[in-house]
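# Chains, contacts and geometry: an overview
The lines below spell out each chain.
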Amino acid sequence: MPLPARAEVVVVGAGLAGLSVATRLAAAGCDVHVLEASTHAGGRLATEQVDGFVVDRGFQVFNTGYPRAADLDLPALDLGFFTPGAVVRVGDRAHRVADPRRRPSALVDTLRAPLGSLPHKVAIAAFSARAGYWPVSRLLAARETSAAAHLEQAGVGEVALERFFGPFLAGVLLEDRLETSSRYLDLLWRSFARGGTALPARGIQAIGEQLAARVGEGRVHHRVRVTAVSGTSVDSGTGRVRADAVVVATDPGTAADLVPAVEAAAPRQVTTHYHVLPASPWTEPLIVLGTPEGRLVNSVVLSDAQPAYSPDGRALLASNTLAPTREAEVREEVARLHDVATGDLEHLTTVTVTGAQPAALPPLRHRRAVDLGGGLYVCGDHRDTPSIQGAMASGRRTAAAVLRALRSTPAPGGRAAAGPGAA
């Protein structure tokens, strides 16, 4: 379907933020069109098939503890879940650490794991309970520090920081100094304490595709590279579209190029090496954490959690480094973490994502303004938190702001009266 000459709302970018805006506006009856430079919906959530295996663009997971998970049809995604926890390797031994609330059988192994003394393990449990069950307002009101200082103050101990929290959080935050905001760490840990970590059967891109289908047929336009925006129009190589409102929902760098008022957030990067094994070396889907002397932050058998990622029952592994690496540089380490022979590893592909997510350094600028005035709006995880949750929450806030502006009509006395669809 060609671009219209005019639309009520134009959204630039078909990532989760832009699609979250568009689905809400479409549901409210708005004439909304989404312009996307790439060939797929979902933004950074991208998936391809490599020799029959489902390969995401870097190691990505979905957490059902995100509040905005409520916006999705989760059964339709056919989620496969990881065990809540991780494998910690010390020397030649692998130690299972799991949430005993949801895996009671893991209690003994977790208590025996080399993560410090019993008081340190009690402190870990207390930290998890605080993040999981304190009101969000209370978490955000707490004094802000770095994630490292926050964990130290929680009393988890140096051993747990080095062997568990350090590599686990490095794989999530994509930074290994734990300089991320303590407030974001609390919000992130809350999602782990409350929800499950999973993969859709058709790959992580299925989340974006589900949202795109709700926007409406012919309203998401691919291969359209936008060159300029204002509050009343969008210019691209395909032509100009006039609008009553324009939403820029791109990555931070592109948003800053299009809208000078937007600051480009410092991006994090990750390199993911995919390997295939004849069979999984594990009995349950647990992420294996990297060791202090290694280059990997983690490695995991994806097909243990989501069997649909493998076409023939072989095991699909994903191993991650924060700095760009070659497969040959980490091959022995991958084999060692999984206790397999290097000759059993078949290298499938390697993906480096340079703009994997924005940083969330203190002070955490949570819920940045999305209404820039004059009909121009901006959203994305760089306006909230660097996550699927942040992108979708930003989209929700932006849709509400757009609807307030478009569906308000002058009332007697000069005040605005909300019309149909106002949020």
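Just so you know, the residues in each chain are numbered from 1, in the order the chain's sequence is written. Reporting in this predicted model follows two pLDDT cut-offs: at least 70 for local features of residues, and 80 or more for side-chain atom pairs to be given and counted; totals over whole chains, interfaces and linings ignore these cut-offs and use all residues. Neither water nor hydrogens contribute to the side-chain values; these are computed over all heavy atoms in the structure.

## Here we look at the nonpolar core
Under the convention used in this document: For this analysis, a nonpolar core means a set of buried residues of the types Ala, Val, Leu, Ile, Met, Phe, Trp, Tyr and Cys, connected via side-chain atoms within 4.5 Å. Accessibility here uses a 1.4 Å probe with only protein chains present; expressed as a share of the type maximum, an area under 20% marks a residue as buried, one over 50% as exposed, and anything in between as partly exposed. Starting at the N terminus, helices and strands are each numbered in turn, a helix being any DSSP run of H or I of at least four residues and a strand any DSSP run of E of at least two. It only takes one pair of heavy atoms within 4.5 Å for two residues to be counted as in contact.
Ranked by internal contacts, the top residues of the largest apolar core, which has 52 residues, are Leu151, Phe164, Phe165, Leu169, Trp189 and Leu302. At eight residues, the largest contribution of residues to this core is made by helix α7 (residues 158–173). Apart from the residues within four sequence positions on either side, Trp189 is in contact with Phe127, Ser128, Ala131, Phe164, Phe165, Phe168 and Leu169. Ala206, Ala212, Val370 and Ala391 belong to the second largest nonpolar core, which has 41 residues in total.

## Considerations on the packing of helix α4 (residues 118–133) against helix α8 (residues 182–194)
As a reminder, the rule being used: Axes here refer to lines fitted to C-alpha atoms; in helices the fit is confined to the stretch in contact. Angles between the N-to-C directions go from 0 to 180 degrees. If an angle is under 35 degrees, it is roughly parallel; if it is over 145, roughly antiparallel; if it lies from 65 to 115, roughly perpendicular; otherwise it is oblique. Just so you know the grouping, Ala, Val, Leu, Ile, Met, Phe, Trp, Tyr, Cys and Pro go in nonpolar, Asp, Glu, Lys and Arg go in charged, and all remaining residues, Gly too, go in polar.
Direction vectors running N to C along α4 and α8 enclose 95 degrees, while the axes themselves pass 7 Å from each other. With respect to α8, the element α4 is oriented roughly perpendicular. Taken together, the residues of α8 that come into contact with α4 (itself represented by Phe127, Ser128, Arg130, Ala131, Gly132 and Tyr133) are Leu185, Asp186, Trp189, Arg190, Ala193 and Arg194. Tallied by class, the residues present in the contact of α4 with α8 amount to six nonpolar, two polar and four charged.

## Remarks on the UniProt feature "domain: Amine oxidase" (unreviewed entry) in the protein
Under the convention used in this document: UniProt positions are given in the numbering used here, feature names are shortened, and annotations may be inferred rather than shown by experiment.
UniProt annotation of "domain: Amine oxidase" (unreviewed entry) refers to residues 16–403 when read in the numbering used here. Secondary structure across residues 16–403 comprises 34% helix and 24% strand; the distance between its end C-alpha atoms is 19 Å.

## Focus on the packing of aromatic side chains
Pairs of aromatic rings are described using the distance from one ring centre to the other and the angle between the two planes. This is how it is decided: We call Phe, Tyr and Trp rings a pair once their centres come within 6.5 Å, taking the six-membered ring for Trp, and we label the pair stacked below 30 degrees between planes, edge-to-face above 60, and tilted otherwise. Lysine and arginine charges are scored as sitting over a ring when NZ or CZ, respectively, is within 6 Å of the ring centre and within 35 degrees of the ring normal.
Counted according to the given criterion, the structure contains eleven aromatic pairs. Summarising the aromatic geometry, the rings of Phe127 and Phe165 are spaced 6.1 Å apart at their centres and angled 85 degrees between planes, so their arrangement reads as edge-to-face. On the criterion of sequence distance, the pair formed by Phe127 in helix α4 and Phe165 in helix α7 is long-range, its members being 38 residues apart. Residue Phe127 shares its accessibility class with Phe165, and that shared class is buried. Overall, the relative accessible area of 0% leaves Phe165 in the buried class. Among the aromatic side chains, those forming a connected cluster through ring pairs are Phe127, Phe164, Phe165, Phe168, Trp189 and Phe192. Lying over the aromatic face of Trp134, Arg130 brings its terminal NZ or CZ to 4.6 Å of the ring centre. The side chain of Arg138 reaches across the aromatic face of Trp134, ending 3.6 Å from its centre.

## Regarding the sheet that holds strand β8 (residues 93–98)
Sheets are built from strands that pair by backbone hydrogen bonding, the pairs being arranged parallel or antiparallel. Applicable threshold: If DSSP finds at least two bridges between two strands, the strands pair.
Ordered in space as β8-β7-β15-β16-β17-β14-β18, the seven strands form an open sheet in which the pairing is mixed. Pairing within the sheet leaves two strands with one partner each, and these edge strands are β8 and β18 (346–358). Mean inter-strand twist for the sheet, computed between neighbouring axes without regard to direction, equals 25 degrees. Relative to β18, strand β14 (residues 267–277) runs antiparallel, the two being bridged by nine bridges. Bridge assignment links Val276 to a residue of β18, and that residue is Glu346.

## Let's talk about the pairing of strand β16 (residues 298–301)
Taking every second residue as pointing to the same face, both faces of β16 are buried, with Asn298 and Val300 on one and Ser299 and Val301 on the other. Here two bridges tie strand β15 (residues 287–289) to β16, and the two strands are oriented antiparallel to one another. When the bridges of β16 are listed, Leu289 appears paired with Asn298. As paired elements, β16 and strand β17 (residues 315–321) share four bridges and run antiparallel to each other. When the bridges of β17 are listed, Val301 appears paired with Leu317.

## With respect to the pairing of strand β4 (residues 53–56)
Across a regular strand the side chains alternate sides, sitting on one face of the sheet and then on the other. Residues Phe53 and Val55 point to one face of β4 and Val54 and Asp56 to the other, with burial holding for every one of them. Bridge count for strand β3 (residues 47–50) against β4 is four bridges, and the pairing is antiparallel. Considered in β4, the bridge of Glu48 is made with Val55. From the end of β3 to the start of β4, which pair antiparallel, there are two residues, and Asp51 there has a positive phi angle of about 50 degrees.

## A short note on a nonpolar patch on the surface
To keep things clear, this is the line we draw: Like charges within 9 Å and nonpolar side chains (Val, Leu, Ile, Met, Phe, Trp, Tyr) within 5 Å are joined into patches, using only residues over 30% in relative accessible area that form no salt bridge. The protein chains shown are the only cover counted for residues, whose accessible areas, like all others here, come from Shrake-Rupley with a 1.4 Å probe. Salt bridge, as applied in this entry: a Lys or Arg side-chain nitrogen positioned within 4 Å of an Asp or Glu carboxyl oxygen.
Taken together, the side chains of Leu107, Leu111, Leu118 and Val122 make up a nonpolar region of the molecular surface, amounting to roughly 370 Å² of accessible area. Mapped by element, the contributors of at least two residues to the nonpolar patch are α3 (107–112) and α4. Among the structural elements, Val122 can be located in helix α4.

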